[in-house]
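Below are the chains, spelled out letter by letter.
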Amino acid sequence: MAKKSRSATTVLDRPVPGNSNTEGKTKIKKAPGQDKEDRTPIAPDADELELERLIFGDLSGFKESLKQSGYEGGFPAAGSEDELDVEKREEKESGPGEDLATLNDDELFYTDAGSGEVNPAHVLHEDSELVVDNSHAPVWVDSDDERLTISLASYSQRRKLRDTEVDDVVSGTEYSRRLRRQFERVYPIPDWAIPPKEEPERKRQRRDSDSGSESSGSEMDMDEDQVSAPPLSVLLQSNQGWSRTNDRKSGAKLRPEVLDIARLIDANKTGGSMSGINALSFHPSHPLLLSSGLDSTIRLHHIDGKVNPPATSLHLRRTPINTALFHPDGKRVFAAGRRRYFHIWDLESGSIEKVTRIYGHQEEQKSMENFKLSPDGKWMGILGSKGAVNILDAHTSQWVATAKVDGKVQDISWYHDGSGLTIANKGGELWEYNVSRRSFTGRWRDEGGFATTVIANGGSRWVAVGSQSGIVNIYSRKISFGTGVGAIGTAMDPKPVKTLEQLVTAISVLSFSPDYQILCIASRGKKDALRMVHLPSCTVYKNWPTSKTPLGKVTTVAWAGKDTGMVAVGNEAGSVRLFEIKG
C-alpha cells in the first residue's frame, strides 16, 4: 500500500519485533518546516515546450487536421449529406473551441474500413498455388520496408525463398510477401476457411430415397452433397442400356501376348463402403453396379466411367452381407449373410421380401450366406451343411430339389444354360447335377487337387478349379472329358489342358469374362494377387497387373456386358477398382 503524507505532529506507530505492547512502539516525527508539501508545478521552459510539441503535437494543429478531414465535432460517414449540418449544430451547442473538450476519449477514434480497393500486397505471386484477394487495405504499412534490402543467398534458411538460383537481394516488402507465400505452402489454408463456391445454375438432382420400401427391414442412405445419378425408378423404366461401348469390334479376338487395359475411376469413389467388399454384380442391361459387404449395406452405383455417382442403397439391419447378386431379369436383388434367412429386394416397387426358412430342410440349411443364381434366372442354389445343396425356384422361393454329395460342399457353379450345376467338395471331388432330371450325371476328381476352394464354369467349354495351394487347373469339356465322365479312379477322369501356378496362396476368385476369352484368378491371401488368363491359349498376361496397379487384397471380381469390356475388382479395403479391356 502507498503511504499517505501526514503533518509533523502525526505520530507513526511501528511495532517493535517481538513485542506486542504499545509501549514498545517507535514514534517518528517529521522535521519542522515540512508541515505542507509544495505541490505547485514548475512551469516548463521554452526547450521543454518545443520538445513536447515535436513529440505530441499541438492542439491547434490537431484541430486543423480534423477540420481538413471533415471529422471535427463528430464522425459522420464520409460523403454523407448531414456532415456539414452536424458541424454547425455542434458549434452552436458547445461553442468554438469547446467541442473537443466535451468529447470522451473513445469518441476521438474510429475504425478505418478501407477504401474498397485491392491492395497489391495481398495478392500472392503468380507462381503461388494460393491467391488470396483481400479487398481491405492493410491497417499499417511500414515505409522503411521499401528501403530495406535483404539477401536471400547469404543464409541457407532464406534460400528456399528464391524464385531462381540467381535471385538474391530483395526489398523488405518482397521479403515479407515471400515469407507469407512459404508459410502458406507449408501450412495451406484449411477447407473450412475457404469461402464456398457458388452453386451452378443447373441444380443437382435429388436422389430418390426411400421409394416405398418397408421401414422394418430397410434404411436408405444418401448424402445430398454428393453428385447424384438419375432416380433409380427412371433408370429402370428407360430402354437405354449401357451407353459406354468398347472400342473393340464385336466378336474381335484378344491377343494372347499383351492385354490392352485402362483404369477408370473407382466405381465407389463417391459413396464408398464402410467395410471390405464381399460381393459385386453388374446389372444385366443397365449401367448399374452392385457392391456390398459386412457393413450390411447394398449400394447401387451408376457406372459412367467418369464420376460413377451412387444411385441408391439399402441397409439390412444386423445382416453382414456375404453374397448379393442381381437377378438375370434385372428387377430384383438377392442378398444374404451368415443368417438363416435371405432378402429379395424388388427394385421397381422398393419392397423387401425376407425368406426365413426352407421347410423340411432346416437342419441342413443353418446359413444362407453362400448361394448362386442360374444364368437363366430359374433356380437358386444354396450351399448347406452335411454335403447338401438346396435348389429353390428363384421366382417363388419354394424348395425344388436337394443335391447331396460326400463331404463338405465347398463351392458350386451353374451351367451357362441353367440346366445343371457342378458341385465341388473340399477333397477335390466334383459332381455334375442335372436339375430337370433331379439326378447326378457324372462324378470326377480334380487332378492333383487337394482342398478345393472355388470352381467356375465358362460357357459350354471351360471348367476351372482352384485349390488351397494356389494351383488352378483349367479343363476343356470337349478335350478333357471326351464323351463323358465316369467313376473316380477310372481312365475317364479328365486331364487339365493347363495348370497355372502363378499364385501361391489359396484361390478365392475364379471369374470368366462374358465372351469367355479371359479367366480372372485371384487370391485374397496376398496383396495384388491377381492374374488374367487368355483363352483358349491358357497363357497368363505378363504386362498386367504391374507392381503399381493398386489392387490390394482382392476379394471379388465382376464383369459387365460383352460390349463394355469393363471389369470391377473389390478388395478388403472397401474400394472397387474399375478397368476397361480395350484389346
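Remember, predicted model here, so these are calculated numbers, not experimental data. Residue positions are given per chain, counting from 1 as you read along its sequence in written order. Whole-chain, interface and lining totals are the exception, using all residues; otherwise, since this is a predicted model, local features are given only for residues with pLDDT of at least 70 and side-chain atom pairs are given and counted only at 80 or more. Hydrogens and waters are ignored; side-chain quantities use all the structure's heavy atoms.

## Topic: the overall build of the chain
Using the following cut-off: Think of it this way: any DSSP run of H or I at least four residues long counts as a helix, any run of E at least two long counts as a strand, and we number them from the N terminus. Each residue is assigned to one of three classes by its accessible area relative to the maximum for its type, calculated with a 1.4 Å probe on protein chains only: buried under 20%, partly exposed between the two thresholds, exposed over 50%. To measure how exposed things are, a 1.4 Å probe is used in the Shrake-Rupley method; for residues, cover is taken only from the protein chains shown.
Secondary structure assignment for the chain yields 6 helices and 32 strands. Within the span of the chain, comprising 583 residues, buried residues form 42% of the whole. Roughly 34,200 Å² of accessible area belongs to the chain as shown, and the carbon and sulfur atoms make up 50% of that amount.

## Observations regarding the environment of alanine 560
Residue placement: alanine 560 occurs in the loop between strand E30 (554–559) and strand E31 (566–571). Owing to a relative accessible area of 5%, alanine 560 belongs among the buried residues under this scheme. Considered as a pair, alanine 560 and proline 284 are 276 residues apart in the sequence and their alpha carbons are 7.7 Å apart.

## Brief notes about the pairing of strand E13 (residues 352–355)
Applicable threshold: One bridge is not enough; two strands pair if DSSP finds at least two bridges between them.
Relative to E13, strand E12 (residues 342–346) is paired through 4 bridges, and the arrangement is antiparallel. Pairing of phenylalanine 342 across the sheet is with valine 355, part of E13. Taken together, E12 and the strand that follows it, E13, pair antiparallel across an intervening segment of 5 residues, in which glycine 350 is found at a positive phi of about 80 degrees.

## What about a nonpolar patch on the surface?
What counts here: Exposure above 30% relative accessible area and no salt bridge define the residues that can form patches, which grow by joining like charges within 9 Å and nonpolar side chains of Val, Leu, Ile, Met, Phe, Trp and Tyr within 5 Å. In what follows, salt bridge is the name for a side-chain nitrogen of Lys or Arg lying within 4 Å of a carboxyl oxygen of Asp or Glu.
A cluster of nonpolar side chains, contributed by Leu51, Leu54, Ile55 and Phe56, occupies part of the molecular surface with about 490 Å² of accessible area. Along the chain, leucine 54 falls in helix H1 (residues 46–56). Under the relative-accessibility criterion, leucine 54 is labelled exposed at 60%.

## Considerations on the packing of aromatic side chains
Geometrically, a pair of aromatic rings is defined through the distance of the ring centres and the angle of the planes. Where we set the bar: Any Phe, Tyr or Trp ring, taking Trp's six-membered ring, that has another such ring centre within 6.5 Å forms a pair; planes under 30 degrees apart are called stacked, those over 60 apart edge-to-face, and the others tilted.
Here the structure, examined in full by the defined rule, presents 7 aromatic pairs. Where phenylalanine 334 meets phenylalanine 342, the ring centres are 6.4 Å apart and the plane angle is 25 degrees; that geometry is what we call stacked. Per residue, the accessibility class of phenylalanine 334 equals that of phenylalanine 342, and both read buried. Centre to centre, the rings of tryptophan 444 and tyrosine 475 are 5.1 Å apart; their planes meet at 70 degrees, and the pair counts as edge-to-face. Of this pair, tryptophan 444 sits in strand E21 (residues 439–445) while tyrosine 475 sits in strand E24 (residues 472–476); the two residues are 31 residues apart in sequence, bridging distant segments of the chain.

## Describing helix H5 (residues 172–186)
Rules: Here the expected span of a helix is defined as 1.5 Å times the quantity of residues minus one.
With 15 residues, H5 should cover 21 Å at 1.5 Å per step; its first-to-last C-alpha distance of 21 Å lies within 8% of that length. Looking only at H5, the buried set comprises Gly172, Tyr175, Arg177, Arg178, Arg181 and Glu184.

## Overview of a negative patch on the surface
Threshold: Only four residue types enter the tally: Lys and Arg on the positive side, Asp and Glu on the negative side, with His and both chain ends excluded. Note that the charge is assigned to NZ on lysines, CZ on arginines, CG on aspartates and CD on glutamates.
Taken together, the side chains of Asp45, Asp47, Glu48 and Glu52 make up a negatively charged region of the molecular surface. Among the secondary structure elements, glutamate 52 is positioned in helix H1.

## Quick look at unusual backbone geometry
What is expected of a backbone is that most residues other than glycine have negative phi and most peptide bonds are trans. Cis geometry marks the peptide bond from leucine 535 to proline 536; its omega dihedral reads 15 degrees. If you trace the backbone, proline 536 turns up in the loop between strand E28 (530–534) and strand E29 (539–540). With a phi angle near 55 degrees, asparagine 308 is a residue other than glycine that sits in the positive phi range. Mapped onto the fold, asparagine 308 is located in the loop between strand E8 (297–302) and strand E9 (310–315). With relative accessibility at 0%, the residue asparagine 308 sits in the buried group. Residues other than glycine seldom take positive phi values, yet arginine 318 does so here, at roughly 55 degrees. Along the chain, arginine 318 falls in the loop between E9 and strand E10 (321–326).

## Quick word on the sheet that holds strand E11 (residues 332–337)
Rules: Note on method: axes are straight lines fitted to C-alpha atoms, helices fitted across the in-contact stretch only, with angles between N-to-C directions ranging 0 to 180 degrees.
Across the sheet, which stays open at both edges, the 4 strands sit in the order E10-E11-E12-E13 with antiparallel pairing between neighbours. Pairing within the sheet leaves two strands with one partner each, and these edge strands are E10 and E13. If you compare each strand with its neighbour and ignore which way they point, the axes differ by 20 degrees on average.

## Description of the environment of threonine 149
Convention followed: Throughout, a residue-residue contact means that at least one pair of heavy atoms, one from each residue, lies within 4.5 Å.
Along the polypeptide, threonine 149 turns up in strand E3 (residues 149–151). In this structure threonine 149 comes out as exposed when scored by relative accessible area, which is 58%. Spatially, the C-alpha atom of threonine 149 lies 9.3 Å from that of threonine 173, the residues being 24 residues apart in sequence. With sequence-adjacent residues up to four places away left out, threonine 149 is seen in contact with Val169 and Val170.

## Examining the pattern of salt bridges
All chains considered together, the criterion is met by 18 salt bridges. Notably, a salt bridge pairs glutamate 429 with arginine 443, separated by 3.9 Å at the nearest N-O pair. A residue pair is termed long-range when its members are at least 10 positions apart, and glutamate 429 in strand E20 (residues 429–434) and arginine 443 in strand E21 qualify at 14 residues. With its nearest N and O atoms 3.5 Å apart, the salt bridge here joins arginine 524 to glutamate 572.

## Looking at the confidence of the model for the chain
What counts is decided by this rule: Confidence per residue, as judged by the predictor, is encoded in pLDDT with a range of 0 to 100.
Summing up the model confidence of the chain, the mean pLDDT is 79 and the portion of residues at 70 or higher is 70%. When the criterion is pLDDT under 50, residues 76–84 qualifies, and its contacts beyond four places in sequence or with other chains add up to 5 contacts. pLDDT under 50 marks residues 486–490. Its contacts with residues more than four places away, or in other chains, come to 8 contacts.

## Comments concerning the side chain of arginine 299
The condition is simple: Counting of polar contacts relies on pairs of N or O atoms within 3.5 Å, with two restrictions inside protein: one atom must be capable of donating a hydrogen and the other of accepting it, and residues adjacent in sequence are counted only when both atoms are side-chain atoms.
Structurally, arginine 299 can be placed in strand E8. Residue class for arginine 299 comes out buried when judged on its relative accessible area of 13%. Reaching out from arginine 299, the side chain makes a polar contact with the backbone oxygen of glycine 272 at a distance of 3.4 Å. Once residues lying within four places of it in the same chain are set aside, the contact partners of arginine 299 are Gly271, Gly272, Ser273, Met274, Leu289, Leu290, Ser291, Thr312 and Ser313.

## Observations regarding the sheet that holds strand E15 (residues 379–383)
What the 4 strands build is an open sheet, ordered E14-E15-E16-E17; its pairing is antiparallel. One side of each edge strand has no neighbouring strand; the edge strands of this open sheet are strand E14 (371–373) and strand E17 (399–404). Looking at each pair of strands side by side, their axes are set apart by 20 degrees on average, direction ignored. Sheet topology places strand E16 (residues 388–393) next to E17; 5 bridges connect them, and they run antiparallel. Looking at E17, one finds that valine 389 is bridged to alanine 403.

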